[in-house]
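In case you want the letters, here they are:
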Amino acid sequence: MCCGLNRFCCIQKCRYAVLGAGFAGLSVAWHLLNCSSKKLDVCIDIYDQVGIGGGASGVAGGLLHPYSPKVKLLWRGAECWKESLDLLNVAEGALFKLVNGGNQDSPPNSEPSIVNRRGILRPALSSKNIDLMSSNAENCLTGCRIESIHEDAAQGLVPDISVPLNLAFYMPEALSINSQCYLEALYLACENLAEDMSKVGVARKELSLHKKSVENLLELSGEYDAIIICLGARAAFLPELSGRLPLRMCRGLVTRLQLTNDLRKDYPKYSPSILSDAWLSVQGARSMHMGSTWEWKSTNYSRDVSVEEATKAMEVLLPKASAVYPPIKEWTITGAMAGLRAMPPLTADGSLPILGCIDNLIHGGNNGGCKYWLFTGLGARGLLFHGWLGKLMAQAVLSCDEGLIPSELTSWKYEMQQQ
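Residues numbered from 1 in each chain as written. Predicted model: local features only at pLDDT ≥ 70, side-chain atom pairs only at ≥ 80, totals over all residues. Heavy atoms only, no water.

**Quick notes on the packing of aromatic side chains**
Next up, step 1: All chains considered together, the criterion is met by 6 aromatic pairs.
Next up, step 2: Relative to Y182, the ring of F23 lies with its centre 6.4 Å away and its plane at 35°, an arrangement referred to as tilted. On the criterion of sequence distance, the pair formed by F23 in helix α1 (residues 23–35) and Y182 in helix α5 (residues 179–200) is long-range, its members being 159 residues apart. When sorted by exposure, F23 lands in the same class as Y182, which is buried.
Next up, step 3: Between the aromatic rings of Y47 and Y224, the centroid separation amounts to 6.4 Å while the plane-to-plane angle is 90°, which identifies the pairing as edge-to-face. Of this pair, Y47 sits in strand β2 (residues 40–47) while Y224 sits in the loop between β9 (205–210) and β10 (226–229), placing them 177 residues apart in sequence.
Next up, step 4: For Y47, a relative accessible area of 7% corresponds to the buried category.
Next up, step 5: Lying across the ring of W75, R76 places its NZ or CZ 5.6 Å from the centre.
Next up, step 6: Between the NZ or CZ atom of R341 and the centre of the ring of W294, over which it lies, the distance is 4.0 Å. (Phe/Tyr/Trp six-rings, centres within 6.5 Å; stacked < 30°, edge-to-face > 60°. Helix = DSSP H or I, 4+ residues; strand = E, 2+ residues; numbered from the N terminus. Buried < 20%, exposed > 50% of the residue type's maximum accessible area, 1.4 Å probe, protein only. Lys NZ or Arg CZ within 6 Å of the ring centre and 35° of its normal.)

If you want it as C-alpha cells, here you go:
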C-alpha cells in the first residue's frame, strides 16, 4: 500500500512463520532474507519448542560429503555440496565476526569449532561391492575427490586403522561439522543479515526466535502470509498432517567419547574422521562422536538418553567402530544424545526429502492457495540437502510457485492421493 510521497512508498510487507530451528528451518530463514526483494518488508518468526538445534539436527554426526555408502554421487549431489559449503562459509563468517568484536577482516583470535577440514576415510568392509565402489569413486566431484588407497596409505592417514580388504576410500575435501555450533552460528548469520539489509535498503527485515511449541497450524493461520513447516519428524505429530505423510521414524543415538588415558597419544591433528558400519566424527585431539543407532518406528523425539539406552547403544556401536579403529576401545564415553529422524520413502533416485505446497492437504480439494509449505524428510543427510533445498523452498514461497522445486521432491503428494 502506498503511504505518501516518501522513501517508504509502495513497500510491501510479508510475514512468514518457519516451524523448526534445525537444518531445514534455518536454511529457509536465511534464504527468505537473502532472496527477498529490497523493496519487501520481511518479518520471519521461527518457532521451536527447544530452540536452535533442539531436534535431530543438533545431534547429527556432522560428516558432510555427497556420496552414498557405495561411494556413488547422490541425487543432485553437486548442487547440494556447493550450497552446503556456501552456508557453512556464511556461518563461519558470522562466528568470526563475533569472535573479533565485529571486525570480520582481521584473522580470528581463536578458530571457531564449526568445521574440521580433515577429510573422511571409508575402509572397504565387504568384497561384494568392491568393484562397484571402485568404479563409482572414479566418477567423483572435482570439488570432493575420492581417492582409492591401500592399507599402508590409510595407516599413514590414521595410525592403527584396520583395512581388512586392503582398500579404503579417502575423501580429502569432506568435512566434519559440529552440528550444534554450526546451527547457532547460522542463526547468528540470519540475525546479522536482517540487520544489515534493514540498514542499506528501504525495506525492513525482521527475525525472531520463539521457544514455543505450535500444537496445530490453524493457530497461526491468521497471522502469516506463509507458514513453512520444517519440523522434521515432529511434522507428523501435527493434527493436520498426522497419518498423511510418507515418513518412517527412526531414533538415532550418538555417544560422546573422550581420550582420558594420558599414556595414549592424541588423535593426530590432520587425521580424517572414519566411516564404517559405525562412524567416528573427530571433534578434537581427544574428543570424538560415535554413531549411530537405528531404532525404527520410535516416536521418542527427546534428546535425553537414559543410562540403559546408552549402554545398549555402546554394545552395538563399539564392536563396529573398533573393528576398523581398535584404539577406540580405550576411549571413555562421557555422554550421549539422541534425535528422531524423519526418513523419507525410497525412490528410484534414492531416499529424497519431501517438499511442496500443502494447502490442498490442509484444506482439502484444490483451492489453489500457497500458504502452507512442507520441508521434511531429510533423514540422515540433512547437512548435505539443507542448503540447496532451503534455497529452493524460500524461492518457491516468495514467488508462490511450487514449480521451482524439482518434481522428484513434490511427487509424494500425488502418490499419496492415489493410495
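Now that the structure has been shown, the text picks up again.
**Thoughts on the sheet that holds strand β3 (residues 63–64)**
Next up, step 1: Read from one edge to the other, the open sheet built from 3 strands follows the order β3-β8-β4, with strand pairing classed as antiparallel. Looking along the sheet, the strands with just one partner apiece sit at the ends: β3 and β4 (115–116).
Next up, step 2: As judged from the 2 bridges shared by β3 and strand β8 (residues 175–177), these two strands associate in the antiparallel manner. Bridging across to β8, L64 finds its partner in L175. (Pairing = 2+ DSSP bridges.)

**Overview of the state of the cysteines**
Next up, step 1: Tallying each qualifying case throughout the model produces 1 disulfide.
Next up, step 2: Note on cysteine connectivity: C370 is disulfide-linked to C400, with sulfurs 1.4 Å apart. Its torsion about the S-S bond being -100°, the disulfide of C370 and C400 is classed as left-handed. Note that C370 is positioned in the loop between α7 (359–363) and β20 (372–376) and C400 in the loop between α8 (382–399) and α9 (407–418), a separation of 30 residues in sequence.
Next up, step 3: On the basis of relative accessibility, which here comes to 23%, the residue C370 falls in the partly exposed class.
Next up, step 4: The exposure class assigned to C400 is partly exposed, which follows from its relative accessible area of 38%.
Next up, step 5: Free of any disulfide, C14 has its nearest cysteine sulfur in C400, 10 Å distant.
Next up, step 6: Free of any disulfide, C181 has its nearest neighbouring cysteine sulfur in C190, separated by 15 Å. (Disulfide = S-S within 2.5 Å.)

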